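If you want the building blocks of each chain, they are given just below.
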Amino acid sequence: MTIENHSLINEFPEFKDRIHQLKVSSTHFGRLFAEYDTVTHDVHRIETGAEAASDERLEALKKQRLQLKDSLYALLKQAA
């Protein structure tokens, strides 16, 4: 199985500068970014076998990551 890189900058390379700007200027964006990063790290650990988890736990984390990504994308578009 190929493990994809789901970092926010990898997901939205066109917003690289805006991501950095919002991380330092918006507490809300920074909190969501940190949560997204933590969830992405947890998913990666499970997918690589470094951490054991049920399929349900992995799916719940992936859904949480998707919701966070949607929220972050909306904030990135709004800041345009």
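For the structure itself, consult the block above.
Predicted model only: the values in this text are computed from it and were never measured.

A. Expanded view of the pattern of salt bridges. This structure, assessed with the given rule, holds four salt bridges. Measuring nitrogen to oxygen at the nearest pair gives 2.8 Å for the salt bridge that ties Lys-69 to Glu-11. Residue Lys-69 is located in helix H4 (residues 55-78), and its partner Glu-11 is located in helix H1 (residues 8-11); the two are separated by 58 residues in the primary sequence. Across the pair Lys-62 and Glu-47 runs a salt bridge whose closest N-O atoms are separated by 3.3 Å. Remark: Glu-47 occurs in helix H3 (residues 27-47) and Lys-62 occurs in helix H4; sequence separation between them is 15 residues.

B. View of the packing of helix H2 (residues 16-25) against H3. Running from N to C, H2 and H3 cross one another at 110 degrees; their axes reach a closest spacing of 6 Å. With respect to H3, the element H2 is oriented roughly perpendicular. Relative to H3, the crossing made by H2 is left-handed. Two secondary-structure elements touch here, H2 through Ile-19, Leu-22, Lys-23 and Ser-25 and H3 through Thr-27, Phe-29, Gly-30 and Phe-33. Across the contact of H2 with H3, the residue classes break down as four nonpolar, three polar and one charged.

C. Looking closely at the environment of His-6. Among the secondary structure elements, His-6 is positioned in the segment before H1. Judged by its relative accessible area of 19%, His-6 falls in the buried class. In this structure, the C-alpha to C-alpha distance between His-6 and Glu-51, residues 45 residues apart in sequence, is 18 Å. Residue contacts for His-6: discarding those within four places in its chain leaves Glu-11, Tyr-36, Thr-40 and Arg-65.

D. Highlighting the nonpolar core. Leu-8, Ile-19, Phe-29, Phe-33, Leu-72 and Leu-76 are the most contacted members of the largest nonpolar core, which has 17 residues in total. Contributing elements (two or more residues each) for this core: H2, H3 and H4. Among the elements that line this core, the one with the most residues is H3, at seven residues. The contact partners of Leu-72, leaving out residues within four places of it in the chain, are Leu-8, Phe-29, Leu-32, Phe-33 and Tyr-36.

Criteria and thresholds
- Position labels on residues start from 1 in each chain and follow its written sequence.
- Only residues with pLDDT of at least 70 are given local features in this predicted model, and only at 80 or more are side-chain atom pairs given and counted; all residues enter the totals for whole chains, interfaces and linings.
- Heavy atoms from the whole structure form the basis of all side-chain values; hydrogens and water molecules are not counted.
- Between Lys or Arg on one side and Asp or Glu on the other, a salt bridge is scored when a side-chain nitrogen of the former is within 4 Å of a carboxyl oxygen of the latter.
- Numbering of helices and strands runs from the N terminus, with a helix taken as a DSSP run of H or I at least four residues long and a strand as a DSSP run of E at least two residues long.
- Helix axes are fitted to C-alpha atoms over the stretch in contact, other axes to C-alpha atoms as well, and angles between N-to-C directions run from 0 to 180 degrees.
- Roughly parallel refers to an angle under 35 degrees, roughly antiparallel to one over 145, roughly perpendicular to one between 65 and 115, and oblique to any angle outside these ranges.
- Crossings are sorted by hand: turned counterclockwise from the far helix by less than a right angle, the near helix makes the crossing left-handed, and turned clockwise it makes it right-handed.
- Any two residues whose heavy atoms approach within 4.5 Å at even a single point are treated as in contact.
- When residue character is reported, Ala, Val, Leu, Ile, Met, Phe, Trp, Tyr, Cys and Pro are called nonpolar, Asp, Glu, Lys and Arg charged, and the others, Gly included, polar.
- Relative accessible area decides the class of each residue, using a 1.4 Å probe on protein chains only: under 20% of the type maximum gives buried, over 50% gives exposed, and in between gives partly exposed.
- Grouping buried Ala, Val, Leu, Ile, Met, Phe, Trp, Tyr and Cys residues that are joined through side-chain atoms within 4.5 Å yields what is termed a nonpolar core.

What is shown is where atoms sit, not what they do.
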